[in-house]
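Spelled out, the chains give:
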Amino acid sequence: MSFAALRASARRVGAVAPVARASRTALRNPAFRRFSTEAPQAPKKSSNAVLFGALGVAAVGGVGFWIYTSSSDSAKEAGTAVKSGVQAAKAATNFVPTKEDYQKVYNRIAEILDSAADKGYDDGSYGPVLLRLAWHASGTYDKDSNTGGSNYATMRFEPEAKHGANNGLEVARDLLENVKREFPWISYGDLWTLGGVAAVQELGGPKIPWRPGRIDGFASQCTPDGRLPDGAKGADHIRNIFYRMGFNDQEIVALIGAHALGRCHRDRSGFEGPWTFSPTSFTNEFYKLLMNEKWVWKKWDGPKQLEDKTTHSLMMLPSDYALVQDKSFKKWVKAYADDEELWFKDFSAALSKLFELGVPQQQFTTSEPWIMKSTDEQQ
């Protein structure tokens, strides 16, 4: 039986009730995920159908096809230039995306998260790689020059897409490109950060306040290499990277807790292995393991990393281990190991801040961030 069929079966029998987060995390097995399908509704001005009607002639033209199918930077820049025409079409049809429209995008992203199980990708979820894309697209911000951040989605272009820290993120970009074709009115920056929100919330994490307003930029706005954290380095490097973005020590430790999800891949970063025993569940286990497990240097032919002495199956980066070697960082590691709800609160605030770096306030379409509903909440 395919994963999709099994998930549908689970939905019919009500295998997972939308109860407390703890029980959802315990049943994180993708086979028992549930998704919502909205009943068909009459077309509204804010629907894709109206926008497609205005853009129909252009969408079927050869230029439109080239923009959507070409991977070249020139095609992507052409697509960015066409954005002005799309904006005009939106205005002509009175198309103003609402929270409901963005919720539909969120739902579509949530549907593809666990398709990784059918394709044998990693631990059965695309959530970790989507969160990494959103993080890396935002974490290039420099507060002194006011460059970088999520506003222009410049990872679409070389050389930023080829920066070493972004190895493997073509997986996430390609996944979301399919969503972009379905909802062409959303900017890449909004799409990628909304993907990060969906990843956290659907894998059992806290609500992440989010709002749209990012615009697509050009290759000339790509950021230089070296702005993202290097897992091989220590506390001084960590502070230099995060202070440049405007974060303090508490926010740094909270954000690095995103390593609760996913794993390292030797063909991408050079490092190898998961941080926790449940890499598709958003918990504070990362901090507990850092505090309570005995970590030793891994004996292998790869870059320096640590492994747990008990099972030799988990890993920590030197930059992770630095969090318990530095007094200021360690007090927050301990606090989050002891209190998951405290970490959820602090992580939510820090991630929302990260996702808005580099975006002028006047660009946001709403003065206050939204809380998107998880798929469980829509049952």
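This text follows the structure it describes.
Throughout this description, residue numbers start from 1 for each chain and increase along the sequence as written. The predicted nature of this model means local features are confined to residues of pLDDT at least 70 and side-chain atom pairs, given and counted, to a pLDDT of 80 or more, with totals for whole chains, interfaces and linings taken over all residues. Note that water and hydrogens are dropped before the side-chain values are worked out from all heavy atoms of the structure.

A. Main features of the overall build of the protein. Check the secondary structure of the protein and you find 16 helices and 5 strands. Each residue is assigned to one of three classes by its accessible area relative to the maximum for its type, calculated with a 1.4 Å probe on protein chains only: buried under 20%, partly exposed between the two thresholds, exposed over 50%. Counting only residues that meet the buried cut, the protein has 54% of its 379 residues in that class. Considering only contacts in the protein between residues 6 or more positions apart, those separated by 24 or more positions represent 74%. To measure how exposed things are, a 1.4 Å probe is used in the Shrake-Rupley method; for residues, cover is taken only from the protein chains shown. Counting only carbon and sulfur atoms, one obtains 55% of the accessible surface of the protein, whose full area is about 16,600 Å². Secondary structure elements are taken from DSSP: a helix is a run of H or I of four residues or more, a strand is a run of E of two residues or more, and numbering for both begins at the N terminus. In what follows, a contact means two residues having at least one pair of non-hydrogen atoms within 4.5 Å.

B. Here's a closer look at unusual backbone geometry. Of the consecutive residues Glu 158 and Pro 159, the connecting peptide bond is found in the cis state with omega at 5°. Mapped onto the secondary structure, Pro 159 falls in the loop between helix H8 (127-138) and helix H9 (170-182). Unusually for a residue other than glycine, His 312 sits at a positive phi of about 60°. Secondary-structure assignment places His 312 in the loop between strand E4 (306-308) and strand E5 (315-316).

C. Examining the packing of helix H10 (residues 188-202) against helix H16 (residues 340-355) more closely. Interaxial angles span 0 to 180 degrees and are taken between N-to-C directions of axes, which are lines fitted to C-alpha atoms, for helices over the stretch in contact. Put simply, H10 and H16 touch, their axes get as near as 10 Å, and they point 165° apart. When the axis of H10 is compared with that of H16, the two are roughly antiparallel. Two packed elements cross with a definite hand, and for H10 against H16 that hand is right-handed. Residues Thr 193, Gly 196, Val 197 and Val 200 of H10 lie in contact with H16, whose contacting residues are Phe 347, Leu 351 and Phe 355. Split into classes, the residues belonging to the contact of H10 with H16 amount to 5 nonpolar, 2 polar and no charged. Put simply, angles under 35 degrees are roughly parallel, angles over 145 are roughly antiparallel, angles from 65 to 115 are roughly perpendicular, and the rest are oblique. Two helices cross in a left-handed way if the nearer one is turned anticlockwise from the farther one by less than a right angle. They cross in a right-handed way if the turn is clockwise. Nonpolar residues are Ala, Val, Leu, Ile, Met, Phe, Trp, Tyr, Cys and Pro. Charged residues are Asp, Glu, Lys and Arg, and all others, Gly as well, are polar.

D. Summary view of the nonpolar core. Buried Ala, Val, Leu, Ile, Met, Phe, Trp, Tyr and Cys residues form a nonpolar core when they are joined through side-chain atoms within 4.5 Å. Judged by nonpolar contacts, the single largest core of 86 residues is most densely connected at Ile 109, Phe 242 and Leu 351. For this core, the leading source of residues is H10, giving 8 residues. Those residues in contact with Leu 351 that lie beyond four places of it in its chain are Leu 131, Trp 135, Val 200, Ile 208 and Leu 255.

E. Representation of the side chain of Thr 193. Looking at the secondary structure, you find Thr 193 in helix H10. When neighbours within four sequence positions are excluded, Thr 193 is seen to be in contact with Ala 134, Ser 138, Ser 150, Trp 210, Arg 214 and Phe 355.

F. Structural detail: the environment of His 136. On the secondary structure map, His 136 appears in helix H8. Sequence separation between His 136 and Leu 228 is 92 residues; the distance between their C-alpha atoms is 7.0 Å. The contacts of His 136, once residues within four sequence positions are left out, are Met 155, Ala 165, Asn 166, Leu 169 and Leu 228.

G. Summary view of the pattern of salt bridges. The rule for a salt bridge is simple: a side-chain nitrogen of Lys or Arg has to be within 4 Å of a carboxyl oxygen of Asp or Glu. Going through the model one piece at a time under the given rule, you end up with 15 salt bridges. The salt bridge partner of Glu 356 is Arg 211, with a shortest N-O separation of 2.8 Å. One end of the pair, Glu 356, is in the segment after H16; the other, Arg 211, is in the loop between H10 and helix H11 (235-245), and 145 residues separate them in sequence. Both residues of the pair, Glu 356 and Arg 211, belong to the buried class. A salt bridge links Asp 326 to Arg 239; the nearest nitrogen and oxygen atoms lie 2.8 Å apart. Placement of the pair is Asp 326 in the loop between helix H14 (318-321) and helix H15 (327-338) and Arg 239 in helix H11, with a sequence separation of 87 residues. You can call Asp 326 buried: its relative accessible area is 16%. Residue classification places Arg 239 among the buried positions, given a relative accessible area of 16%. One continuous salt-bridge network, built from bridges that share partners, spans Arg 108, Glu 111 and Glu 182.

H. Looking closely at the sheet that holds strand E3 (residues 295-297). Each pair of strands is called paired provided DSSP finds at least two bridges between the two strands. Spatial strand order, E3-E4-E5: 3 strands in an open sheet with antiparallel pairing. Each edge of the sheet is formed by a strand with only one pairing partner; in this case those strands are E3 and E5.

I. A look at the environment of Asn 240. In this structure, Asn 240 sits in helix H11. What makes Asn 240 exposed here is its relative accessible area of 57%. Placed 13 residues apart in sequence, Asn 240 and Arg 227 show a C-alpha to C-alpha distance of 9.5 Å.

J. Focus on the packing of aromatic side chains. Each Phe, Tyr or Trp ring, with Trp reduced to its six-membered ring, pairs with another whose centre is within 6.5 Å; inter-plane angles below 30 degrees give stacked pairs, above 60 give edge-to-face pairs, and intermediate values give tilted ones. Scanning the model with the defined rule gives 18 aromatic pairs in all. Centroid distance Phe 282 to Phe 344: 5.8 Å. Interplanar angle 55°. Geometry classified as tilted. Here Phe 344 lies in helix H16 and Phe 282 lies in the loop between strand E2 (273-274) and helix H13 (285-292), a separation of 62 residues in the sequence. The pair Phe 282 / Phe 344 is uniform in exposure class, with both members buried. Aromatic pair Phe 286 and Tyr 287: ring centres 5.4 Å apart, planes at 75°, arrangement edge-to-face. Here the two residues Phe 286 and Tyr 287 agree in accessibility, since each one is buried. Ring-pair connections join several aromatic residues into one group, and the members of that group are Phe 282, Phe 286, Tyr 287, Trp 332, Tyr 336, Trp 343, Phe 344 and Phe 347.

Structural measurements only, silent on function.
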